[in-house]
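Notes for the structure review
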Amino acid sequence: QGRIWNRALALATLNSYGNQLLTGYEMGLTDYYPMNEGSGNYATDLAQGAHLMLEGASWALPRGMSLKLDKNKVNEKTQMKGLQLKNEYFSEFNEEKDYTLMFWFRTVDKTGTLFSSGSGRKTDVGAKNNFFIGLEDQTLKYRTNGHEYELGDHYCDDVWHHYAMTVNRVRKVASIYLDNKLKAQFVTDSLGSLASTNYYLGNMVWQEEGLENDKTLQDNALTGYIDGFALFKQESKIGRASCRERV
């Protein structure tokens, strides 16, 4: 990565920024080149758009590792499928916080959950803060509190695809991109916080309103791969996603 700042940074600041990916909005950052395009003749500047033309250089494509999900495997302790994520990673994202969620996925399943905190239906316990991202009858969908957005039906093709969602609370706009193409955009009035308890990769886990609202349900488990999962604390600029070989 290449990073150019308009001031001298203290050692503590350098150490802090050196261990994390940037968004391009950091104060004093004038140019930011992740250099993860993997193809093309330019390195994209995510700070101010001063892209670099490459001369006498070519892209290296290192092999990477990804999370493999198997819908036939169950956690013996919890009897749940998929991978559960810790709630504390999401607790600070209240209804006023911007964020960017992004990840890569690859599957041949026509029905399966990529990432969810519930079913996304209005009948969920805590429906306002629950969402579902996944495939249903080969259509990729985002659903929250009963609001559903169809994102396309050609993503269960055993090819890597990039999902990104940005949320800007001030402008009241949420945008969803697939492979860097805008697929859905809606007002954030329908979005709650990320204060849920059932964050899963590869499974949909929720409780249903009613007499048995303490019963945990699961459905739409996925067989496939997830990689590059990231959650930023602000709306990020969606440029060209990284292009590396995944196994």
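The rules behind each value
Residues numbered from 1 in each chain as written. Predicted model: local features only at pLDDT ≥ 70, side-chain atom pairs only at ≥ 80, totals over all residues. Heavy atoms only, no water. Helix = DSSP H or I, 4+ residues; strand = E, 2+ residues; numbered from the N terminus. Rg over C-alpha atoms; globule rule 2.2 N^0.38 Å. Buried < 20%, exposed > 50% of the residue type's maximum accessible area, 1.4 Å probe, protein only. Contact = heavy atoms within 4.5 Å. Lys, Arg positive; Asp, Glu negative; His and termini not counted. Charge placed at Lys NZ, Arg CZ, Asp CG, Glu CD. Pairing = 2+ DSSP bridges. Salt bridge = Lys/Arg side-chain N within 4 Å of Asp/Glu carboxyl O. Axes fitted to C-alpha atoms, helices over the stretch in contact; angles between N-to-C directions.

1. Examining the overall build of the protein chain
Along its length, the protein chain carries 1 helix and 20 strands. The globule rule puts the C-alpha radius of gyration for 247 residues at 18 Å, and the 19 Å found for the protein chain is close to it. The dimensions of the protein chain, computed from C-alpha atoms along their principal axes, are 65 × 35 × 35 Å. Residues classed as buried in the protein chain amount to 47% of the 247 residues present. Taking the contacts inside the protein chain whose residues are at least 6 apart along the sequence as the reference set, 60% of them involve residues at least 24 apart. Of note, the protein chain has its 28 positive side-chain charges centred 2 Å away from the centre of its 31 negative side-chain charges.

2. Quick notes on the pairing of strand 17 (residues 204–207)
Alternating positions in strand 17 separate into two faces, Met204 and Trp206 on one and Val205 and Gln207 on the other, with burial throughout. In terms of strand pairing, strand 17 meets strand 18 (residues 216–219) through 4 bridges, oriented antiparallel. Along strand 18, the bridge assignment pairs Met204 with Asp219.

3. What about the pairing of strand 13 (residues 161–168)?
Along strand 13, 8 of the 8 residues are buried, which leaves the element largely enclosed by surrounding structure. What you see with strand 13 is no split at all: His161, Tyr163, Met165 and Val167 on one side and His162, Ala164, Thr166 and Asn168 on the other are buried throughout. Bridge count between strand 8 (residues 99–107) and strand 13: 7 bridges; the pairing is antiparallel. By the bridge assignment for strand 13, Thr100 is matched with Thr166. Examined bridge by bridge, strand 13 and strand 14 (residues 173–178) share 6 bridges and lie antiparallel to one another. Paired with Ala164 across the bridge in strand 14 is Tyr177. Remark: 4 residues form the turn of the hairpin made by strand 13 and strand 14, two consecutive strands paired antiparallel; Lys172 in that turn has positive phi of roughly 60°.

4. Some points on the pattern of salt bridges
Where charged atoms of side chains with opposite charge meet at close range, the side chains can pair. Tallied over the entire structure, the rule returns 8 salt bridges. Close ionic contact of Glu92 with Lys233 constitutes a salt bridge, the shortest N to O distance being 3.5 Å. Remark: Lys233 occurs in the loop between strand 19 (224–232) and strand 20 (245–246) and Glu92 occurs in the loop between strand 7 (83–84) and strand 8; sequence separation between them is 141 residues. Measuring nitrogen to oxygen at the nearest pair gives 3.1 Å for the salt bridge that ties Lys141 to Glu136.

5. Examining the sheet that holds strand 8
Two modes of strand pairing occur in sheets, parallel and antiparallel, and in both the strands are linked by backbone hydrogen bonds. Across the sheet, 6 strands lie side by side as 6-19-8-13-14-15; this open sheet has antiparallel pairing. The open sheet is flanked by strand 6 (67–69) and strand 15 (181–187), the only strands paired with a single partner. Ignoring strand direction, the axes of neighbouring strands in this sheet form an average angle of 20°. In this sheet, strand 19 lies alongside strand 6 in antiparallel orientation, the contact comprising 3 bridges. Within the sheet, the bridge partner assigned to Leu69 lies in strand 19 and is Gly224.

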